[in-house]
Amino acid sequence: MTGIDGVGSAFAAAQYGLQSASDGISQAASNIAQRTAEDAVAPAQPIAANTDINNATPNSTSSTSRLTDDLIALNVSERNAQASAKVLGVADEMLGTIIDVLA
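Throughout what follows, the structure given in this document is the object of discussion. (Residues numbered from 1 in each chain as written. Predicted model: local features only at pLDDT ≥ 70, side-chain atom pairs only at ≥ 80, totals over all residues. Heavy atoms only, no water.)

## As for the overall build of the chain
Check the secondary structure of the chain and you find two helices and zero strands. Counting over 103 residues, the chain shows a buried share of 17%. Split by element, the accessible area of the chain, about 7400 Å² in all, is 59% carbon and sulfur. (Helix = DSSP H or I, 4+ residues; strand = E, 2+ residues; numbered from the N terminus. Buried < 20%, exposed > 50% of the residue type's maximum accessible area, 1.4 Å probe, protein only. Areas by Shrake-Rupley, 256 points an atom, 1.4 Å probe, with all protein chains shown as cover.)

## Overview of the pattern of salt bridges
All told, the structure shown has one salt bridge when counted by the stated rule. When the shortest N-O distance is used, the salt bridge between arginine 35 and aspartate 70 registers 3.1 Å. A residue pair is termed long-range when its members are at least 10 positions apart, and arginine 35 in helix H1 (residues 2–41) and aspartate 70 in helix H2 (residues 58–102) qualify at 35 residues. Exposure class is identical for arginine 35 and aspartate 70. Each is buried. (Salt bridge = Lys/Arg side-chain N within 4 Å of Asp/Glu carboxyl O.)

## Some details on the side chain of arginine 35
Overall, the relative accessible area of 14% leaves arginine 35 in the buried class. Side-chain polar atoms of arginine 35 contact the side chain of aspartate 70, separated by 3.1 Å. With sequence-adjacent residues up to four places away left out, arginine 35 is seen in contact with Ser63, Arg66, Leu67 and Asp70. (Polar contact = N/O pair within 3.5 Å; in protein donor to acceptor, adjacent residues only side chain to side chain. Contact = heavy atoms within 4.5 Å.)

## With respect to the side chain of serine 77
Along the chain, serine 77 falls in helix H2. Residue classification places serine 77 among the buried residues on the basis of a relative accessible area of 9%. In this view, serine 77 contacts Ala21, Gly24 and Ile25; residues no more than four positions away in its chain are not counted.

## Topic: the environment of serine 20
Summarising the element assignment, serine 20 is placed in helix H1. Residue serine 20 is classed as partly exposed on the basis of its relative accessible area, which comes to 39%.

## Observations concerning the environment of serine 30
With respect to the secondary-structure elements, serine 30 resides in helix H1. Along the primary structure serine 30 and aspartate 70 are separated by 40 residues, whereas in three dimensions their C-alpha atoms are 9.2 Å apart.

## Focus: the environment of glycine 89
Its place among the elements puts glycine 89 in helix H2. Owing to a relative accessible area of 31%, glycine 89 belongs among the partly exposed residues under this scheme. Counting along the chain gives 79 residues from glycine 89 to alanine 10, while the straight-line C-alpha distance between them is 9.8 Å.

These values are about where atoms sit, not about what they do.
So, in structure tokens, the structure goes:
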């Protein structure tokens, strides 16, 4: 009956993956909301037309970079959740097959 143990491990791995993805989504969403609130309180200085991009204010550049990082983290967490959901679906199908074979 080692096959059933494997199904349990698959369910546990999927559950852990979904929880981890949920935590990542929550953290990234919180960071994005915080950055948006910070930008609303102290908006970045606009870059003048004759200013080189390298001379832009460090805060606006790093804020944009951090926002990009948070959006990427959000996307990665979403994909991790989708992958974990697929693992859960396959484990469910496998358990159904095992029950059908043993019944």
